[in-house]
Amino acid sequence: MIKKLLFIGLTLFSSHAWSYPNFIGFGYNACLTCHYNPYGNGPLTDYGRALSANAISDRLIHSDSKSEEEIATNSGFLYSKPKNQWLRPSIDYRGLYLKSNYQTDTEDSKIIHMDANLNLVFRLGPKENKDKFIAVGTVGYAPAPLSNQDSTEPKYRSREHYLGYRMNDKWGVYGGLMDKIFGLRIPDHITYSRIAPAVSQNDQTHGVLLHYTKPVLDFGVQAYVGNMAQDANLRQKGIATQAEYSVTDNTRIGGSLFNSKSIFLKTYGMAFHSRSRFGKGSSIMAEVGQVNKSAVSGSSDIDSRYWLIQNHIKASRGLYIINTIEYFKANIKKKEDKGIRFGPGLQYFPGQGLELRTDLYNTRVFSEESVSDDTWDITGQLHLWF
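What counts, and where the lines are drawn
- Residues numbered from 1 in each chain as written.
- Predicted model: local features only at pLDDT ≥ 70, side-chain atom pairs only at ≥ 80, totals over all residues.
- Heavy atoms only, no water.
- Helix = DSSP H or I, 4+ residues; strand = E, 2+ residues; numbered from the N terminus.
- Rg over C-alpha atoms; globule rule 2.2 N^0.38 Å.
- Buried < 20%, exposed > 50% of the residue type's maximum accessible area, 1.4 Å probe, protein only.
- Contact = heavy atoms within 4.5 Å.
- Lys, Arg positive; Asp, Glu negative; His and termini not counted.
- Charge placed at Lys NZ, Arg CZ, Asp CG, Glu CD.
- Core = buried A, V, L, I, M, F, W, Y, C linked by side-chain atoms within 4.5 Å.
- 1 Å grid on protein atoms, 1.4 Å probe; cavity = no way out; pocket = protein on both sides within 12 Å on 5 of 7 lines; lining within 4 Å.
- Points joined across faces, edges and corners; volume = space filled by probe spheres on them.
- Nonpolar A, V, L, I, M, F, W, Y, C, P; charged D, E, K, R; others polar.
- Salt bridge = Lys/Arg side-chain N within 4 Å of Asp/Glu carboxyl O.
- Polar contact = N/O pair within 3.5 Å; in protein donor to acceptor, adjacent residues only side chain to side chain.
- Pairing = 2+ DSSP bridges.

**Observations regarding the overall build of the protein chain**
Then, in step 1: In terms of regular secondary structure, the protein chain is built from four helices and 16 strands.
Then, in step 2: The C-alpha atoms of the protein chain give 21 Å as radius of gyration, which agrees with the globular expectation for 386 residues (21 Å, within 12%).
Then, in step 3: In terms of overall dimensions, the protein chain has C-alpha extents of about 65 × 45 × 45 Å along its principal axes.
Then, in step 4: Residues counted as buried form 50% of the 386 residues belonging to the protein chain.
Then, in step 5: In the protein chain, the share of contacts with a sequence separation of at least 24, taken over all contacts with a separation of at least 6, comes to 55%.
Then, in step 6: Computed over 44 positive and 37 negative side-chain charges, the inter-centroid distance for the protein chain is 6 Å.

**Remarks on the nonpolar core**
Then, in step 1: By size, the foremost hydrophobic cluster in this structure holds 22 residues, and its most contacted members are Tyr162 and Tyr306.
Then, in step 2: Elements represented by at least two residues in this core include exactly β3 (133-141) and β5 (171-178).
Then, in step 3: Formed by 10 residues, the second largest nonpolar core is a distinct cluster that contains Leu44, Leu51, Tyr320 and Trp385.

**Thoughts on empty space enclosed by the protein**
Then, in step 1: If you walk through the whole model with that rule in mind, you get seven cavities of 30 Å³ or more.
Then, in step 2: Estimated volume of the second largest cavity: approximately 190 Å³.
Then, in step 3: If you trace the second largest cavity, you find 18 residues lining it, with Cys31, Tyr39, Gln242, Glu244 and Arg275 closest to the centre.
Then, in step 4: Take the lining of the second largest cavity: its biggest share by element is three residues, from strand β8 (residues 237-248).
Then, in step 5: The residue makeup of the lining of the second largest cavity, split by class, is nine nonpolar, four polar and five charged.

**A few points about unusual backbone geometry**
Then, in step 1: At asparagine 41, a position not held by glycine, the phi torsion is positive, near 75 degrees.
Then, in step 2: Inspection of the secondary structure assignment puts asparagine 41 in the loop between α1 (2-10) and α2 (46-56).
Then, in step 3: Positive phi, close to 55 degrees, is recorded for leucine 78, a residue that is not glycine.
Then, in step 4: Among the structural elements, leucine 78 can be located in the loop between α3 (68-73) and β1 (87-100).
Then, in step 5: On the basis of relative accessibility, which here comes to 48%, the residue leucine 78 falls in the partly exposed class.

**Here's the deal with α2**
Then, in step 1: By the burial criterion, the buried members of α2 are Gly48, Arg49, Leu51, Ser52, Ala53, Asn54 and Ile56.
Then, in step 2: In the core, the buried residues of α2 are packed alongside α3, β1, β13 (319-329), β14 (338-351) and β16 (375-385).

**A look at the side chain of arginine 185**
Then, in step 1: With respect to the helices and strands, arginine 185 occurs in the loop between β5 and α4 (192-195).
Then, in step 2: Here arginine 185 sits buried without a salt bridge, and the closest side chain of opposite charge, aspartate 179, lies 4.1 Å off (N-O distance).
Then, in step 3: Looking at arginine 185, its side chain comes within polar contact range of the main-chain oxygen of tyrosine 39, at 3.1 Å.
Then, in step 4: At a separation of 3.2 Å, a polar atom in the side chain of arginine 185 contacts the main-chain carbonyl oxygen of lysine 180.

**Section: the side chain of glutamine 310**
Then, in step 1: Here glutamine 310 lies in strand β12 (residues 301-316).
Then, in step 2: Separated by 3.1 Å, the side chains of glutamine 310 and asparagine 22 make a polar contact.
Then, in step 3: Those residues in contact with glutamine 310, other than ones at most four positions away along the chain, are Asn22, Ile186, Asp188, Ser283, Ile284, Met285, Ile322, Asn323 and Thr324.

**Examining the pairing of strand β15 (residues 354-366)**
Then, in step 1: Sheet analysis places β14 next to β15, joined by 10 bridges and oriented antiparallel. When the bridges of β15 are listed, glycine 351 appears paired with leucine 354.
Then, in step 2: Counting the residues that bridge the hairpin from β14 to β15 gives two residues, and of these glycine 353 lies at a positive phi of roughly 90 degrees.
Then, in step 3: Strand direction decides the pairing type here: β15 and β16, joined by 10 bridges, are antiparallel. Residue pairing for β16: leucine 354 is matched across the bridge by leucine 384.

Structure, rendered in C-alpha cells:
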C-alpha cells in the first residue's frame, strides 16, 4: 500500500496553491490577511499582492530608482495599478522538471506542465468594503496524473469557484468548490500530510464553510458533499473543522478533524499542527496526524499515521532555504510498512510574480519483508503569476 501511495505522491510534486503558511515568519498568522480564501490558496488580495512585491520577493526585476511604494502600488494585474474596484483578474502557471530515481537503472527525466489558470475575483461589496461580498472563479489546464496518462477526463477544469460573504470583521461564510480544511496547507503535494488525508492537488469539494477569526484565533467548520464533477459513488460527504490559536505572538498551535463517507468508503482524520516564527522571515512548522479508512461493508479497516517537520529559513530578501523531514506508516497495526523522506530545497522570488524552486528528495521504504534502497529525486519548479 505504501509503495502505491509513494508513486501517486511523485505524480503530484507541484500545486496550484499560492498558500505559504511558512510566512508566519513575517508575522502573518492568518491566511485571510493576504488571500480571499480564509484558509489560503487561490488569488491574492490587494494587500497580499503588495506584500508579495515588497516583503516576500527580491527586487531583482526592478530598477534601483523605483521606490518600494511604487512597486507595491503597481502590484496588480500584469504589474499595473488596479483599474477599478470591482474586478481583480490574475493568471498563473506552474511547471516542473522532474528527475526521478537519480543514478539508478530506472532514472528518468521529464518536464511537466502542472497547470495554467485564469482567475477572476468579483468584489461586490459596498464602496467602503469591496471584499465584504466576493465571487471567485478559477479555470485552467490540469493534465492527467502521470499514473493515469490514458485518462479521458477533461484537461481543462475549475479547481475553485465560490461565493463569500463577510458578515463582519469576525464572521464569514463561503459556498462552492473549495479545498477541504485540514492540516497545514503547504504547497508541497508530495508530502504524506497531503496524500494520506486526501487534501492534495485535485481533492477539492463542494460545500459550505463558516469561518470565525480574531487576532489570536481562527476557527472554521465545513460541511461538504464531494466534488460534483466526480461519479456519485466516489463522492465523500461529511464535515471538517479546524482551529488555530496563537499561544504567543510568534507561535500558533492548532488541530483539525474530518469525518466523511461515500457509498463504499468511510474516512476519519485528525491532526495536530504548529507554526512558529523565529528571526525575521524564518519559520518552523510541524504536523502529526492519523487517518482511518474503512469499507462500508466492514471488510477492511486501516489506520495510517504520519508526521512532518519543515523549516523555512530566510537567507536574504527573496531567498529561502527549506528543509523537510517526514514519516508515514501505512498501517499502524503492522510492525514495519513505513516510509521516511527528507530533503533540502531552495526557493527564490526574484520579484513579484516569479518563483524558482529546486528540491532534493531522499526516500526509504520499510516493509515487513525488506528495506528498500534509498531513492533520490530532483525537482525544479517555475511558478509565474501576474
